[in-house]
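# Understanding the architecture of this molecule
Take a look at the letters that make up each chain.
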Amino acid sequence: MARQDFEAALARTRSLTCWSGRVSPEPLGGGISNRNFLVRDRTGAYVVRIGEDRPEHGVSRHREVQCHRAAHAAGLAPELVHAEAGALVLRFIEGRTLTPADVRAEAMLRRLVALLHRCHREIPRHLRGPAPFFWVYHAIRDYAARLAAADSPYRSLVPELSRIAEALETATGPIDVVFAHNDLLAANIIDDGKRLWLIDWEYAGYNSPLFDLGGLATNNEFTSRERDRLLEAYFDKPLQPGLARSAAAMRCASLLREAMWSMVSELHSTLAFDYALYTKQNLERFDAAWREFDGG
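Computed from a predicted model, the values in this text were never measured in an experiment.

Procedures and definitions
Residues numbered from 1 in each chain as written. Predicted model: local features only at pLDDT ≥ 70, side-chain atom pairs only at ≥ 80, totals over all residues. Heavy atoms only, no water. Helix = DSSP H or I, 4+ residues; strand = E, 2+ residues; numbered from the N terminus. Rg over C-alpha atoms; globule rule 2.2 N^0.38 Å. Buried < 20%, exposed > 50% of the residue type's maximum accessible area, 1.4 Å probe, protein only. Contact = heavy atoms within 4.5 Å. Areas by Shrake-Rupley, 256 points an atom, 1.4 Å probe, with all protein chains shown as cover. Lys, Arg positive; Asp, Glu negative; His and termini not counted. Charge placed at Lys NZ, Arg CZ, Asp CG, Glu CD. Pairing = 2+ DSSP bridges. Axes fitted to C-alpha atoms, helices over the stretch in contact; angles between N-to-C directions. Parallel < 35°, antiparallel > 145°, perpendicular 65-115°, else oblique. Nonpolar A, V, L, I, M, F, W, Y, C, P; charged D, E, K, R; others polar. Left-handed = near helix turned anticlockwise from the far one by under 90°.

## Regarding the overall build of the protein
- Per the secondary structure count, the protein includes 10 helices and 10 strands.
- Taking 19 Å as the expected radius of gyration for a compact globule of 296 residues, we find that the protein reaches 19 Å, a close match to that expectation.
- Taking the principal axes of its C-alpha atoms as reference, the protein extends roughly 60 × 45 × 35 Å.
- Sorting the 296 residues of the protein into buried and exposed places 52% on the buried side.
- Partitioning the contacts of the protein with sequence separation of at least 6, the portion at a separation of at least 24 is 70%.
- Carbon and sulfur atoms form 52% of the exposed surface of the protein, whose accessible area is close to 13800 Å².
- Between the averaged position of the 37 positive side-chain charges in the protein and that of its 38 negative side-chain charges there is a distance of 4 Å.

## What about the sheet that holds strand β8 (residues 189-191)?
- Ordered by their spatial adjacency, three strands build an open sheet running β6-β8-β9, and the pairing between neighbours is antiparallel. One side of each edge strand has no neighbouring strand; the edge strands of this open sheet are β6 (96-97) and β9 (196-198).
- Across the sheet, helix α4 (residues 109-122) touches β8 and β9, and the angle it forms with β9 is around 45°.

## Side note on the packing of helix α5 (residues 136-149) against helix α6 (residues 158-172)
- At a minimum axis distance of 10 Å, the contact between α5 and α6 shows a crossing angle of 170°. Looking at the two axes, α5 sits roughly antiparallel to α6. Together, Y137, I140, R141, A144, L147 and A148 of α5 and V158, S162, A165, L168, E169 and T172 of α6 make up the contact between the two elements.
- A per-class count over the contact of α5 with α6 returns eight nonpolar, two polar and two charged.

## Examining unusual backbone geometry
- You will see that D200, though not glycine, has its phi angle at about 70°, which is positive.
- Inspection of the secondary structure assignment puts D200 in the loop between β9 and β10 (205-207).
- Using a relative accessible area of 10% as the deciding quantity, one classes D200 as buried.
- The phi torsion at E221 lies on the positive side, around 55°, for a residue other than glycine.

## Considering the pairing of strand β4 (residues 80-84)
- Here β4 runs beside strand β5 (residues 87-91); their pairing, made up of four bridges, is antiparallel. The residue of β5 that forms the bridge with L80 is L90.
- Once β4 ends, the chain turns through two residues before running back antiparallel as β5, passing G86 with a positive phi of about 85°.

## Some words on the packing of helix α7 (residues 209-219) against helix α9 (residues 241-268)
- Running from N to C, α7 and α9 cross one another at 65°; their axes reach a closest spacing of 8 Å. Every pair of crossing elements has a handedness; the one defined by α7 and α9 is right-handed. Residues L210, F211, G214, G215, A217 and T218 of α7 form the contact with α9, whose own contacting residues are L243, S246, A247, M250, R251, S254 and L255.
- Of the residues belonging to the contact of α7 with α9, the class tally is seven nonpolar, five polar and one charged.

## What to know about the sheet that holds β4
- Sheet architecture is open: five strands sit in the order β1-β2-β3-β5-β4, paired in antiparallel fashion. In this open sheet, the two edge strands, each paired with only one partner strand, are β1 (26-27) and β4.
- Here strand β3 (residues 44-50) runs beside β5; their pairing, made up of five bridges, is antiparallel. Bridge assignment links V47 to a residue of β5, and that residue is L90.

And the structure:
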């Protein structure tokens, strides 16, 4: 099935009407939710993302296009040169995809904070149409319902994970609302040597800034000191206990959502990726974060 899906995505990429001449798409690695290809034609180099709507994850490609265009207008994302149902074509950015070690580097902190401030504050000026929203605790509740209703090996975990999620939502407390990226993996950040770019806007929407800050920290395995420095740099003031507690709750929620995202992906995805291992890794990281939070 995975091979058939790959061949179908490859054929779809070749057949897109935006190309100038015949093309030979090159598969790009790293994606765990879409098929990605590098395509060169007479006009330049492009990245193609092949992926349909994914209701099990709340992913709407129409919303992704809406958010990506606003991010490009704000100078944060590459140009979207072609969009149709199930396919996006982006101008290729010559640069280096970051690694978690790059994200944790001391010299990167100022650049990442500036990137987040621009994302959170500038994109709403360019966004048009209905306002997209992403709330991690809603995502967790939806995943819990799907896992409970399906023949999932994790079904027995759902009641306890849901109880913990409710406690984390209460601990998060009132929030500020910004426009967030909501998927800050290192692989979604590109450094062209002069500026940072954000890609993959399928989960973007209004949210608390703590989710982007928490996701950046958990996805890239920040130490406690690095997490505190990120919060202080973003808010430009010493870290207070209340904010620290809310941020810690959101970091736990980020890890729980990632684990449950993978659990649901085990049921639905046809990509050649070891989702079971990814679930195990994220559950272990969540368990450690929750123990630290619950005992703090």
